[in-house]
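Working through the structure, step by step
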Amino acid sequence: MTASSSASTYFQNNVFGASALGQVVALYDTILRDLRRAMDAIADNDIERRVNSANHAIMVIGELQGVLDFERGGEPAKHLNGFYNITRALIIKASVHSERQQFEQVAEMFTKLRVAWSHAERTLAPDPPSERLRVSSQQQNRPQSISGDSENMTSRGNWSA
């Protein structure tokens, strides 16, 4: 078993046993890993890895957007949707223009929100979700659609923000 597959197995075991908030934190960790990989790829002048990492982050953000429950989540869900739209656009721009600083800015934004989700997970009673998010922690071998249309997304659960 390689280090990469061991890490993937560990990640999947933690996510499948996590509460809904724990799953969100795990997905934010995935986005942050993808952004770091994209920044490393810029330093290595590895265009394919940069694009694949950025596309995977965009896909995970799309999954997070897809489970927003606007009826139960109200204004916070609308704000998160706007945040996700903005960060997806910033990631696309950073990837197209190979801008490490832009990736760093997005990573900082997700880090701040991740801290808030993590705090909420620790302070609120655990509430296991009825449905789980299905997002791969593996890098994608081919570019993913960044259109965000629901036909290209996987099955979605619902949670309120």
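Everything in this summary refers to the structure shown in the same document.

Parameters at a glance
- Residues numbered from 1 in each chain as written.
- Predicted model: local features only at pLDDT ≥ 70, side-chain atom pairs only at ≥ 80, totals over all residues.
- Heavy atoms only, no water.
- Axes fitted to C-alpha atoms, helices over the stretch in contact; angles between N-to-C directions.
- Helix = DSSP H or I, 4+ residues; strand = E, 2+ residues; numbered from the N terminus.
- Parallel < 35°, antiparallel > 145°, perpendicular 65-115°, else oblique.
- Left-handed = near helix turned anticlockwise from the far one by under 90°.
- Nonpolar A, V, L, I, M, F, W, Y, C, P; charged D, E, K, R; others polar.
- Expected span 1.5 Å × (residues − 1).
- Buried < 20%, exposed > 50% of the residue type's maximum accessible area, 1.4 Å probe, protein only.
- Phe/Tyr/Trp six-rings, centres within 6.5 Å; stacked < 30°, edge-to-face > 60°.
- Core = buried A, V, L, I, M, F, W, Y, C linked by side-chain atoms within 4.5 Å.
- Contact = heavy atoms within 4.5 Å.

Viewed as axis vectors pointing N to C, helix α2 (residues 20-44) and helix α5 (residues 100-123) meet at an angle of 165°, and their least axial separation amounts to 9 Å. What the angle tells us is that α2 and α5 run roughly antiparallel. Like other packed secondary-structure pairs, α2 and α5 cross with a definite hand, here left-handed. When the residues that make up the contact of α2 with α5 are grouped by side-chain class, the tally is 17 nonpolar, three polar and six charged.

All right, on to α2 then. The terminal C-alpha atoms of α2 lie 36 Å apart, and with 25 residues this matches the ideal 36 Å at 1.5 Å per residue to within 8%. Backbone geometry just after α2 places asparagine 45 at a positive phi near 55°.

Phi at asparagine 45 takes a positive value of approximately 55°, unusual for a residue other than glycine. Its location among the elements puts asparagine 45 in the loop between α2 and α3 (47-66). Despite not being glycine, serine 98 shows a phi value in the positive range, around 55°. Relative to the helices and strands, serine 98 resides in the loop between α4 (70-97) and α5. Among the residues examined, serine 98 registers a relative accessible area of 30% and is labelled partly exposed.

Glancing now at the packing of aromatic side chains. Within a pair of aromatic rings, the relevant descriptors are the distance that separates the centres and the angle that separates the planes. A full pass over the atoms with the stated rule returns three aromatic pairs. Judged by centre distance (5.2 Å) and plane angle (70°), the ring pair of tyrosine 28 and phenylalanine 110 falls under edge-to-face. A residue pair is termed long-range when its members are at least 10 positions apart, and tyrosine 28 in helix α2 and phenylalanine 110 in helix α5 qualify at 82 residues. There is no split in this pair, since tyrosine 28 and phenylalanine 110 are both buried. Ring pairs connect the aromatic residues Tyr28, Phe83, Tyr84 and Phe110, which therefore count as one cluster.

On to the nonpolar core, then. If you look at the biggest cluster of nonpolar residues, it comprises 31 residues, and the most contacted ones within it are Tyr28, Ile31, Leu35, Tyr84, Ile91, Phe103 and Phe110. Where this core is concerned, the elements lending two or more residues are α2, α3, α4 and α5. It is α2 that provides the largest number of residues to this core, a total of 11 residues. The contacts of isoleucine 31, once residues within four sequence positions are left out, are Ala57, Val60, Ile61, Leu64 and Phe110.

Before going further, it helps to examine the environment of lysine 93. Secondary-structure assignment places lysine 93 in helix α4. Expressed as a C-alpha distance, the spacing of lysine 93 and phenylalanine 103, which sit 10 residues apart in the sequence, is 9.1 Å. If sequence neighbours within four positions are ignored, lysine 93 has contacts with Glu99 and Gln102.

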